[in-house]
Amino acid sequence: MSSAEPSQLDAIFKGLGIGCAALALILPGQVTSRQSRPLAVAPAAVLVPSLEHLPRVADFAQEDPSSEARQMANWVMDARDHRGMPFVIVDKQQVRVFVFKPDGTLDGATPALMGSAVGDDSVLGIGEREMSAIEPHERTTPAGRFVSQPGTNSSGEDIVWVDYEAAVSMHRVRAKEPSERRLERLASATPTDNRISFGCINLPVTFYEDVVKPALGSQRGVVYVLPETRPVQAVFRNFKVIGAS
């Protein structure tokens, strides 16, 4: 082997290394994973476009929400807390749900059925229990900020997970038990009539199909469930009143 051969080999190896590095940058990677359930995603991990062009307050159109719901929606827009995703305001005291587009315009609003028990926290481990083992005082709709995820329930029905660990979702109302009068409760003007579920947010079928499914059925969103036993600031630490009128 001549003295020039090592230098020639070095040059070849370096060239191959540079070529492999270039291919790694050009070709997309493939990642596979096996998951038994959805993973929680922190807001900062969601890639979103620039939010500078968005308005600083939400547009409720012709709706007349509670002051708490309006203040929350305005804060979401002002703080860009939704990270450019569709978002939902769930007002438990008024048992109403407001779905917004990423630009803060109202997509739709509706009465809903919610947890029969008053409270803002889910019992630890409740998502792993059979419904028959859940006591009446444990049937709460938890308050807080949740990154939603489309999914299915045990029957294969498409739903939108709000809090997967606590088994809380938004789904079509199921009027399977006549004594519960769920459809009549949805039509009632009295908020207490709408507190009947185990914690999930039951929506009219047409509203789910026409508003929720297009907005959240194939992508993530942010769901803000207002508290009913604690101040808003105790649940949403960075909240501040924006446009209180």
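These notes cover the structure that comes with them. (Residues numbered from 1 in each chain as written. Predicted model: local features only at pLDDT ≥ 70, side-chain atom pairs only at ≥ 80, totals over all residues. Heavy atoms only, no water.)

What follows is about the overall build of the protein. Scanning the protein for helices and strands turns up five helices and 10 strands. Expressed as a percentage of its 245 residues, the buried residues of the protein come to 40%. Taking all contacts inside the protein whose residues are at least 6 apart in sequence as the whole, residues at least 24 apart take part in 63%. Per element, the accessible surface of the protein, about 13,700 Å² overall, is 55% carbon and sulfur. (Helix = DSSP H or I, 4+ residues; strand = E, 2+ residues; numbered from the N terminus. Buried < 20%, exposed > 50% of the residue type's maximum accessible area, 1.4 Å probe, protein only. Contact = heavy atoms within 4.5 Å. Areas by Shrake-Rupley, 256 points an atom, 1.4 Å probe, with all protein chains shown as cover.)

Glancing now at the layout of surface pockets. Its volume calculated, the largest pocket comes out at about 1,000 Å³. Breaking the lining of the largest pocket down by element, the ones donating at least two residues are β6 (158–163) and β7 (168–172). When residues of the lining of the largest pocket are assigned to their parent elements, the largest contribution, three residues, is made by β7. Of the residues contributing to the lining of the largest pocket, the split by class is 12 nonpolar, 12 polar and 11 charged. (1 Å grid on protein atoms, 1.4 Å probe; cavity = no way out; pocket = protein on both sides within 12 Å on 5 of 7 lines; lining within 4 Å. Points joined across faces, edges and corners; volume = space filled by probe spheres on them. Nonpolar A, V, L, I, M, F, W, Y, C, P; charged D, E, K, R; others polar.)

We now examine the packing of aromatic side chains. One pass over the structure, following the stated rule, counts seven aromatic pairs. Seen in terms of ring centroids, Phe60 and Phe100 are 5.0 Å apart; in terms of plane orientation they differ by 85 degrees. Their pairing is edge-to-face. Highlighted residues: Phe60 in the loop between α1 (5–26) and α2 (67–79) and Phe100 in strand β2 (residues 96–100), separated in sequence by 40 residues. The burial state of Phe60 is the same as that of Phe100; both residues are buried. Between Trp75 and Phe239, the aromatic rings sit 5.9 Å apart at their centres with planes inclined by 65 degrees, giving edge-to-face as the arrangement. Taken together, the residues span a long stretch of sequence, with Trp75 in helix α2 and Phe239 in the segment after α5 (232–235) at a distance of 164 residues. A network of ring pairs unites the aromatic residues Phe60, Phe87, Phe98, Phe100, Tyr224 and Phe236 as a single cluster. (Phe/Tyr/Trp six-rings, centres within 6.5 Å; stacked < 30°, edge-to-face > 60°.)

Time to look at the pairing of strand β10 (residues 221–225). Taking burial as the measure, the five residues of β10 include five buried ones, the bulk of the element. Here β10 shows no split at all, with Gly221, Val223 and Val225 on one side and Val222 and Tyr224 on the other all buried. Examined bridge by bridge, strand β5 (residues 144–152) and β10 share five bridges and lie antiparallel to one another. Directly across from Val147, in β10, lies its bridge partner Val222. (Pairing = 2+ DSSP bridges.)

What follows concerns the environment of Gln93. Residue position: Gln93 is located in the loop between β1 (87–91) and β2. Sequence-wise, Gln93 and Arg195 are 102 residues apart; in three dimensions their C-alpha atoms are separated by 9.8 Å. Not counting residues within four places of it along the chain, the set of residues in contact with Gln93 comprises Pro191, Pro227 and Glu228.

A separate point is the side chain of Arg195. Position of Arg195 among the secondary structure elements: in strand β8 (residues 195–197). Ignoring any residue separated from it by four or fewer positions in sequence, one finds Arg195 in contact with Lys92, Val95, Met114, Gly115, Ser116, Ala117, Val118, Arg185 and Glu228.

Here we take up the sheet that holds β7. Spatially, β3-β2-β1-β10-β5-β6-β7-β9 is the arrangement adopted by the eight strands of the open sheet, whose pairing is mixed. Of all strands in the sheet, those with a lone pairing partner are β3 (106–111) and β9 (201–203), marking the two edges. Put simply, the sheet's adjacent strands are angled 25 degrees from each other on average, direction ignored. Where β5 and β6 come together, four bridges link them in antiparallel fashion. By the bridge assignment, Pro150 is partnered in β6 with Val160. Relative to β1, α2 is tilted by about 160 degrees, and along the sheet it contacts β1, β2 and β10. (Axes fitted to C-alpha atoms, helices over the stretch in contact; angles between N-to-C directions.)

What follows covers the side chain of Glu138. Note that Glu138 resides in the loop between β4 (114–115) and β5. Within the structure, the side chain of Glu138 is placed 2.6 Å from the side chain of Arg129, a separation counted as a polar contact. Of note is the side chain of Glu138, whose polar atom sits 2.9 Å from the backbone nitrogen of Glu135. Residues contacting Glu138, with those up to four places away along its chain left out, are Ala117, Val123, Ile126, Arg129 and Ala133. (Polar contact = N/O pair within 3.5 Å; in protein donor to acceptor, adjacent residues only side chain to side chain.)

Compared with the 18 Å implied by 1.5 Å per residue over 13 residues, the 18 Å span of α2 between its first and last C-alpha is a close match. Regarding α2, the residues found buried are Ala69, Gln71, Met72, Ala73, Asn74, Trp75, Val76 and Met77. Along its buried surface, α2 packs onto β1, β2, β10 and α5. Just beyond α2, the residue with positive phi is Arg80, at close to 55 degrees. (Expected span 1.5 Å × (residues − 1).)

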